[in-house]
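Structural overview
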Amino acid sequence: NASACRPTALTTSTMRPPGASITALGQAEDGTLWVGTGGAGVVEIKGGHVVQHLLGGDAPVNHVCCLLQAQDQSLWVGTLGGLFHLRAGNWTRLTVQDGLLDDRVHSLCECPDGLWVGTEGGLNLWKDGVLSREPRLAGHSFRAVLRDRKDRVWAACRSGLVCLDQGRLCFFSK
């Protein structure tokens, strides 16, 4: 629910909310620094101003695992309670009800074919406003996703390494 996301002003002396560890960092082209926390949502630092964005009322949604400043200048945030998207000042949330394989989002990677989302339950692809699944990889927990110079997508899971290359899938295991 986007209305559950509310900004809270912080001072520079309280930039790290009490009890929250820093779990992710990102920077926008305009210099905005985004700080993901382990329990206190996302902190935005811009021009000497610090704003905390609580993503919801429960702890999992405020535990940030990853964040990504996209080419279109929107912000994607992966949490233990779903995937959040900040665009033009508005937050939206995607969960398993929207097609995520799992609400625990560990990694994000922007590619020409869309945004790859590594979850505890597999890989999703967000493209043109639609969330799809990579069915061949359902059931694997993906902790890191990377795009290489040849636009191949590499994804690390507990059981090995996956390479997606123009629809072909290669799986490297122990």
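Anything mentioned here points back to the structure above.
Residues numbered from 1 in each chain as written. Predicted model: local features only at pLDDT ≥ 70, side-chain atom pairs only at ≥ 80, totals over all residues. Heavy atoms only, no water.

So, about the overall build of the protein chain. Summing up its helical and strand segments, the protein chain has one helix and 17 strands in all. Taken over 174 residues, the protein chain has a buried fraction of 48%. The contacts in the protein chain between residues at least 6 apart in sequence include a share of 35% that link residues at least 24 apart. Split by element, the accessible area of the protein chain, about 9000 Å² in all, is 53% carbon and sulfur. (Helix = DSSP H or I, 4+ residues; strand = E, 2+ residues; numbered from the N terminus. Buried < 20%, exposed > 50% of the residue type's maximum accessible area, 1.4 Å probe, protein only. Contact = heavy atoms within 4.5 Å. Areas by Shrake-Rupley, 256 points an atom, 1.4 Å probe, with all protein chains shown as cover.)

Our next topic: the pairing of strand β9 (residues 90–94). In the sheet, strand β8 (residues 82–87) pairs with β9 via five bridges, with the strands oriented antiparallel. Residue pairing in the sheet places His85 in a bridge with Thr92 of β9. Where β8 folds back onto β9 in an antiparallel hairpin, the turn is made up of two residues, including Ala88, whose phi is positive at roughly 55°. (Pairing = 2+ DSSP bridges.)

This paragraph deals with the pattern of salt bridges. Applying the stated rule across the entire model yields nine salt bridges. Notably, a salt bridge pairs Arg87 with Asp72, separated by 3.2 Å at the nearest N-O pair. Of the two residues, Arg87 is situated in strand β8 and Asp72 in the loop between β6 (64–69) and β7 (75–79); the sequence distance between them amounts to 15 residues. Across the pair Arg152 and Asp148 runs a salt bridge, and its minimum N-O distance is 2.6 Å. On the basis of relative accessible area, Arg152 is assigned to the partly exposed category, the value being 23%. Residues participating in the shared-partner salt-bridge network are Glu120, Arg143 and Arg158. (Salt bridge = Lys/Arg side-chain N within 4 Å of Asp/Glu carboxyl O.)

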